[in-house]
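# Architecture at a glance
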Amino acid sequence: MSAAQDLQRRHAELEGAPDPFPSLVDTPVRARIAPSNGHPDPESVDAFPSLAPAASATGRPAASAWGAAPRIKATVSKQPLFSDSFTVPVIDLSSAGRDGKPTSLGEIMRTVSNQFKIKLDASTNQRLKQTTFFLKSEHKKELEKAKKTLLAMLSPTVTVVLNAPASTIPSLIGVKGATLKQIRDQTGVKIDIPRKDALVANGQANGGTPSGTATPLPDADEEDEPTIPVTITGAQPLVLEAQGMLQEIISARTSRTTQRVKDIPSHILPFIIPRRAKFMEAAENGDVSLSLNQTVGEISVTGDREAVGRVIESIKSAVEYFITEVTHLKMTLPKRQHRLLIGKGADEIMAETRCAVVVQKLEEPGDEVVVWGRGPDLPGGLSAVMDKANSAYIHEFPLPGPIAVSRQLLTYMIRVGYPKTLNSENPGAEVYTPPAVTIEKAQVLNVDIVGEKPAVDAMVRQVSQLVGKLIGATKDVSIDWLIHRIINSHKNAKKIKSFHENQNVLVFFPPESAEQSLVLLVYDPTSPSASPSPVEKTQKLEEVEKELLKMAKDAADVKSETITVEKKWHEAVIGKNGTTLNAIIGEDKTLSVKLGAEAGDENIIIVRGISADVDRAVKEIKKIVEDAQNDEIVSSYSIEFEVGQEFVGRIVGSQGSSINKLRDALGVKIDFLDDHDEKDKDVGKKKKAVQQKAKVKITGRKENAEEAKRRIINQADRLADETSEVLKIPRQYHPSLIGQSGKYVIRLEEKYDVKITFPRDNGEGADSKNRDQTLKPDEVFVKGGKKGVAQAKAELLDALEFEKESNHVAKFTVPTRSVARILGRGGASINEIKDMTGAQIDVDKSNDDGNITHITLRGTKPAIAEAQAAILAIAEQVHEEVTDSVTIENKFHRTLIGQGGQGLKELIARCGGPNDPKVQAGLVRFPRQGEPSDEVLLRGDPKLVAKVKAELEKTAATLRDRIVLGVEVPAAQHRALIGRGGQHLNDLQNRTGAQVQFPGSRSYQSVGEPANGEELANVDAADLVKISGTRTACEKAVEELKAQVKPPAPEGVTGTINVPLKYHHAVSQQGAFFRSLRSLNVQVEQSASPKNPAVPPRPAPSIESTTARIDDPEDGTTVVEAQWQVAPNYQDAEEGEAVWTFKAPDEAALEKALQITRDAIEHAEGMSHVGFLTLPDRSAFPRIVGAKGSNVARLRAESKADITVSREDNTIVIVGK
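Numbers given for residues are sequential positions, taken from 1 along each chain in its written order. Side-chain atom pairs in this predicted model are given and counted only at pLDDT of 80 or more, local residue features only at pLDDT of at least 70, and totals for whole chains, interfaces and linings cover all residues. Values reported for side chains reflect all heavy atoms of the structure, with hydrogen atoms and water molecules removed beforehand.

Named according to an unreviewed UniProt entry, the protein is K Homology domain-containing protein originating from Hermanssonia centrifuga.

Shown next, in the form of structure tokens:
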């Protein structure tokens, strides 16, 4: 497409902008294709694709999910031939009764039925709160119109903002607005596209409504192109349909796209998911990504348009194949076993038998299980389902008590996350609670526990214990939900927390969205201070209930008030997008306001909440209604004036877009009147030249009406000032003047408020019909205000002179084999030349001559010369290069390249090669990873290639001479031989020139097997050290390692003593005893250790506890009141003995250690009591301990008692007789 065509496409008429060349002829619009004559399920949303966002504007509508029903030959001549149905989840009658519209649902149905001569029935599902409408007619077009009209009258009016790339706007509008008009006619919605001067790049555009919802484009990963907000307003389903049509056009005009395969049956999806790799192969290396929405049975494919199309066809083909190939068998299994047949279980069955298993949702009644697969696979699938259903033990744990108590128990478990805790503590089992939707309706609540039987039994015991503690420990308190937020606010957080601290009671408020009044109280069964007494549980719950009810009473008294307000004023109370109503309710949301049908009567409003808030809200609502009634009276001002008849079309805008925008902005009613006198119709031809006037009538508030009049008159004056001029500009300069994507000429249009038109390739301007002339190839048409046209003309001519000076062209050829180097990786080289010289460079890759490539340069003469010199220099460099190769075994390639390519960089540097990594990469090319080739390619300067080749061959020869030897070194000595920070190992490697690998190092396994492996066959793998390098270096390193290995130490002697567990702490002295034995080179191993603490717990303080004074006998200044308590030492000690095994270097050391241990046991037997000395504070501890513990050590020696001064509290523990 030429630059002029691209500009013309961008200049297509924008919605909401005055058209400089209004069309006087209506453009025909293709008729909309009627929907299928099927009878879809009224409960199914997917059965109505015409309302989906992805609907096509001009393509065939998507087929119903159930397919078209067969047509039945009529037996009665008046029987309807066509039928349709649709479901509306929420009926919005907010606009009923206004402007003569029907006031109720019945009236609306009668109006539509009479208007379009159709039969119309409705059925309401009270459970789902939705209404299904059934339409029948003898004419398909009437049926379609009736459906659209009914949807518009029943659905809420919404506004959606679609951010469309600027390049797609002409396609959305179409020639003379044909495409946009067709979408409007087909859906009946209002579509606004703002003026260019109101736009901001990258989607930040003005003109969007605050209530609009920005809709992202499907091609979210495209480059950031300036976007234009397209506003769609109308009935919700029709807005979604129009949005889908627009998105379809946008997708068709972008290089990337997203397409979806919808309505894949749930039993087919398991067969499709494993074929993802096959679908990706269909992309043929195209950039695509797949995403699955398993809930709705939809696969989305995003990426390159052609690749996406191939993948979509592959998926559809697979779906159709499996739909025709698979059949099914039904069976019944208990509901509790269904859990084993979903998720991972279903995947395992599919992988094993190629069969899919489909079960009903857990919250739905019924035990049916359906197995799908091909006929030969079904028996195996059925068997696998039975095996999987019986693969785990399932226990149904019924929650006890009346259903209200069961709900309390279940609510507590869910709120504290008890199922998650059970699952983490019992890895072999899982617990499942009933679905939330079934809890309120269920008569019996069960908790299912699934898994291995031992783990399930353990979990059952835990649940039983918890339920036992919860019996009598729960209580519901009824508090109006409107004041839950106040009671549970930050202000009362400390008090709510105190209920648990003081009464051990947890308080659970229901979610605010549930609007439930029951607050659950639970006597915490997990608290250490929890009492088992039912009486105490009841008492604590009643105390908290009393406090909560008092808090509720203090918070507010709730009341309801009903206001009589006519339905037509409800919209004023609600406000735009509910803003006024939200302001009335307030941030705390302690009010409930129900209007019209929701309140039970169309002409009332019910306000419920805290008394003060209700009074405030009622007062505000009455004020809003009064203001709206007064505003209706004030808005009755009317004014009339005249404008030129020839300007009316431009003022009104396409489809009334401009005048509608003015109406919305000022809230006025604007009418153009054509009530000329009859005598004006008889005026002769000579009188037709007289300018005719059109009358304009504006109704609304006086100041708003006057402002609207001023704006219309100003626009008419601007249109009267319009002029046009044709400029002679040679055709070759048009692309430069237009700029990339029309950037330069659009800037001129916005700057001077004009429209600039360049001729198309066929020599005809797009709007030549409106100018009564045809643009020649060297003409440019400028239209707008006189001043703007003159300024735009001057700037265009100045730009033309500049282009003549800088638009020189040079063409030359280069060898085709040098093109890759000229372009560079990712175009880096050619872009660098462009930036450096400022020249435009075009490389012709489509030339038939394979040996040469044509290059075209554009720009100033110096820029062209500089760019040509740079390109020819690269081509000459490639011409002088030579190509060579060297054969090196593939196993040495990684070593030659080195970590991060460092080895290869150093090799090239040694040969005098370049330091630039890009040039180095082109100089030496190793085979890709995984290729078995041994050939290394070299390309570059002949001398450098020869040096690098010689160096590679030399290094490879060294690697071929490399061997691996092994040597036995006890693992216990490895650390000493390696040294701190590897110092000893590095010294050894530097001295010998060999590489030494100890077991556990990174490269140990990759070094290979030792050449002397047969000699070391009986060596423990942990003791085998590998040495690699030349044979001489390896042998030298082996000798040094052998010389450094120390001989094993001689085996010592052992002895044992049985030590009672209750004396363990007294003998070990917190490890000091074992440390003293190490000085004799004696090690001790224990067969068991005690689990109880070293000393019994401190007894509770009592009145009989004695007090003592600690006085300083020297100065008498310190007087400390202390508490002294004594308890038996071994009263609750563990029974049993532990065997202590002593390992000593000789008999003397062993006998000495054994004797020390016997003495310690004898001493421990005498330590019969424990004393607890508690001081008021720790201020006296430093003097008691003494310098470096001297005082405590002296006391221990004198008293033969064990004294421990705590570091955590004020207690000193003394153990002794």
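### Here we look at the sheet that holds strand β3 (residues 130-137)
Read across the open sheet, the three strands follow the order β1-β3-β2; overall the sheet is antiparallel. Because the sheet does not close on itself, it has two edges, and the strands there are β1 (82-88) and β2 (119-125). With strand direction ignored, the average angle separating the axes of adjacent strands in the sheet is 15 degrees. Residue contacts are counted whenever heavy atoms from the two residues lie within 4.5 Å of one another. Between the N-to-C directions of two axes lies an angle of 0 to 180 degrees, each axis being a line fitted to C-alpha atoms and, for a helix, fitted only over the stretch in contact. Secondary structure elements are taken from DSSP: a helix is a run of H or I of four residues or more, a strand is a run of E of two residues or more, and numbering for both begins at the N terminus. This element, helix α3 (residues 140-154), spans β1, β2 and β3 of the sheet and lies at about 15 degrees to β1. By definition, two strands form a pair when at least two bridges between them are found by DSSP.

### What to know about the pairing of strand β9 (residues 288-293)
Note that β9 and strand β10 (residues 298-304) share six bridges and pair antiparallel. Pairing of S289 across the sheet is with T302, part of β10.

### Here we look at the packing of aromatic side chains
Within 6.5 Å between ring centres, the rings of Phe, Tyr and Trp (the latter by its six-membered ring) count as paired, and their orientation is classed by plane angle as stacked under 30 degrees, edge-to-face over 60, tilted in between. Enumeration over the complete set of coordinates arrives at seven aromatic pairs. With a centroid separation of 6.0 Å and 75 degrees between ring planes, the pair formed by Y412 and F508 is classed as edge-to-face. Taken together, the residues Y412 in helix α12 (residues 403-415) and F508 in strand β18 (residues 505-508) connect sequence positions 96 residues apart. Partly exposed residues are those whose accessible area sits between 20% and 50% of the maximum for their type, while under 20% is buried and over 50% is exposed, using a 1.4 Å probe and protein chains only. Taking the relative accessible area as the measure of exposure, Y412 reaches 3% and is therefore buried. Here F1073 and W1140 contribute two aromatic rings whose centre-to-centre distance is 6.3 Å and whose plane-to-plane angle is 45 degrees, an arrangement assigned as tilted. Taken as a pair, F1073 in helix α41 (residues 1072-1078) and W1140 in strand β42 (residues 1137-1144) lie far apart in primary sequence, 67 residues in all. Accessibility classification places F1073 together with W1140 in one group, the buried group. Here the aromatic cluster, defined as three or more aromatic residues joined through ring pairs, consists of F271, Y321 and F322. The criterion for a charge sitting over a ring is simple: Lys NZ or Arg CZ within 6 Å of the ring centre, and within 35 degrees of the ring normal. The ring of Y393 is capped by K453, whose NZ or CZ atom sits 5.1 Å from the centre of that ring. Stacked on the ring of Y1004, the Lys or Arg K1026 has its end atom at 4.4 Å from the ring centre.

### Regarding the nonpolar core
Residues F133, L135, L150, I169, L172 and V230 are the most contacted members of the largest nonpolar core, which totals 39 residues. Per element, the largest residue contribution to this core is seven residues, and it comes from helix α6 (residues 236-252). Setting aside residues up to four positions removed in sequence, L135 forms contacts with F82, S83, D84, S85, F86, I118, K119, L120, L143, A146 and K147. Among the nonpolar cores identified, the runner-up in size contains 28 residues, and Y1130, A1164, V1213 and V1215 belong to it. For our purposes a nonpolar core is just a set of buried Ala, Val, Leu, Ile, Met, Phe, Trp, Tyr and Cys residues, chained together by side-chain atoms within 4.5 Å.

### Some details on the pairing of β3
Buried residues dominate β3, accounting for six of its eight residues. With seven bridges connecting them, β2 and β3 associate as antiparallel partners. When the bridges of β3 are listed, L120 appears paired with L135.

### Structural notes on helix α2 (residues 105-116)
Between the first and last C-alpha of α2 there are 17 Å, a value that for twelve residues agrees with the 16 Å anticipated at 1.5 Å per step. Every buried residue of α2 is listed here: I108, M109, V112, S113 and F116. An end-on view of α2 places all buried positions within 130 degrees of arc, on one side of the element. More than 90 degrees from the buried face of α2, the exposed residues found are R110 and N114. Buried residues in α2 make contact with β2, β3 and α3. At the C-terminal side of α2, K117 shows a positive phi close to 55 degrees. Each residue after the first adds 1.5 Å to the expected span of a helix. In this description, the arc belongs to the directions extending from the helix axis to the C-beta atoms.

### Overview of the sheet that holds strand β11 (residues 327-332)
Reading across from one edge, β11-β13-β12 is the order of the three strands in this open sheet, with antiparallel pairing throughout. Every other strand in the sheet has two partners, leaving β11 and β12 (356-359) as the edge strands with one partner each. Averaged over all pairs of adjacent strands, the angle between strand axes in this sheet comes to 25 degrees, irrespective of strand direction. As defined by bridge partners, β12 adjoins strand β13 (residues 368-373) across four bridges and the pair is classed as antiparallel. Note that in β13 the partner of A356 across the bridge is W372.

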